[in-house]
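# Understanding the architecture of this molecule
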Amino acid sequence: MQTISPFLWFDTQAEEAANFYVAIFPNSKITSVSRYGEAGPGPAGGVMTIGFELDGQAFTGLNGGPHFKFTEAVSFVVHCQGQAQVDRYWDALLAGGGQESQCGWLKDKYGLSWQIVPQEFLDLVADPDKAKVGRVMAAMMQMIKLDIAKLKAAAEG
């Protein structure tokens, strides 16, 4: 059992969001659902919390009402192997009304921020050659979705 896991506050879409995420990531599933009773504060029988796993990582979603919104101050990083995986997660998380940002960041249709990061980028910025790292970072700052081929080209100068 994980000691620490993310707890996500939604207005009324926790179950919808959990199902959306579970469909995107492998090794994912809904693990539990609790419902509001007659005492509320949500509608009786409506989902209060939903437990789910994304690629084995436990999450909880709460239908807590419109009081709090997601911000970019908290995001989830998706570590990818290769451009095809970057493209797949990018497109899937944007589906239905998400918004692109920059430097590999996006917001999904629920307003949750994600960073879609290829391992190749992390390898390039860990290079001991500071000039190479500077070129890679300058190229990345101009991107919306990270493009591995362009990052590698920038590294080579």
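Just so you know, these numbers come straight off a predicted model, no measurement behind them. (Residues numbered from 1 in each chain as written. Predicted model: local features only at pLDDT ≥ 70, side-chain atom pairs only at ≥ 80, totals over all residues. Heavy atoms only, no water.)

## Digging into the pattern of salt bridges
Across all of its chains, the model carries three salt bridges by this definition. The partner of Glu72 in a salt bridge is Lys107, and the shortest N-O contact between them spans 2.9 Å. Residue Glu72 is found in the loop between strand 4 (57-63) and strand 5 (75-80), and its partner Lys107 is found in strand 7 (residues 105-107); the two are separated by 35 residues along the sequence. By relative accessible area, which is 43% here, Glu72 ends up partly exposed. Overall, Lys107 belongs to the partly exposed group, its relative accessible area being 22%. (Salt bridge = Lys/Arg side-chain N within 4 Å of Asp/Glu carboxyl O. Helix = DSSP H or I, 4+ residues; strand = E, 2+ residues; numbered from the N terminus. Buried < 20%, exposed > 50% of the residue type's maximum accessible area, 1.4 Å probe, protein only.)

## Concerning helix 2 (residues 83-94)
Here helix 2 is 12 residues long and its end C-alpha atoms lie 16 Å apart, about the 16 Å a rise of 1.5 Å per residue gives. Among the residues of helix 2, those classed as buried are Val86, Tyr89, Trp90, Ala92, Leu93 and Leu94. Among the structural elements, helix 1 (14-24), strand 5, strand 6 (99-100), strand 7 and strand 8 (113-118) are those in contact with the buried residues of helix 2. Backbone geometry just downstream of helix 2 places Gly96 in the positive-phi region, at approximately 80 degrees. (Expected span 1.5 Å × (residues − 1). Contact = heavy atoms within 4.5 Å.)

## A short note on the sheet that holds strand 3 (residues 47-54)
Strand order across the open sheet formed by four strands is 1-4-3-2, with mixed pairing between neighbours. Every interior strand has two partners, whereas the edge strands, strand 1 (7-10) and strand 2 (29-35), have only one. Pairwise comparison of adjacent strand axes, ignoring direction, gives a mean angle of 20 degrees for this sheet. Examined bridge by bridge, strand 2 and strand 3 share six bridges and lie antiparallel to one another. Within the sheet, the bridge partner assigned to Ser34 lies in strand 3 and is Thr49. Contacts from helix 1 reach strand 1, strand 2, strand 3 and strand 4 within the one sheet, and its direction differs from that of strand 3 by about 10 degrees. (Pairing = 2+ DSSP bridges. Axes fitted to C-alpha atoms, helices over the stretch in contact; angles between N-to-C directions.)

## Things to note about the nonpolar core
Among the nonpolar cores identified, the biggest contains 30 residues, and Tyr21, Phe52, Leu93, Trp114 and Ile116 are the most heavily contacted of them. Put simply, the parts of the chain that give this core at least two residues each are strand 1, helix 1, strand 3, strand 5, helix 2 and strand 8. Per-element tally for this core: the top contributor is helix 1, with seven residues. With near-sequence residues (within four places) excluded, Phe52 lies in contact with Leu8, Ala18, Tyr21, Val22, Lys29, Ile30, Thr31, Gln57, Ala58, Phe59, Thr60 and Gly61. (Core = buried A, V, L, I, M, F, W, Y, C linked by side-chain atoms within 4.5 Å.)

## With respect to the packing of helix 4 (residues 130-141) against helix 5 (residues 148-156)
Here helix 4 crosses helix 5 at 145 degrees, and the two axes come no closer than 7 Å. Handedness of the helix 4/helix 5 crossing: right-handed. Here Lys132, Arg135, Val136, Ala139 and Met140 of helix 4 come into contact with helix 5, specifically with Leu151, Ala154, Ala155 and Glu156. Class assignment for the residues of the contact of helix 4 with helix 5 results in six nonpolar, no polar and three charged. (Left-handed = near helix turned anticlockwise from the far one by under 90°. Nonpolar A, V, L, I, M, F, W, Y, C, P; charged D, E, K, R; others polar.)

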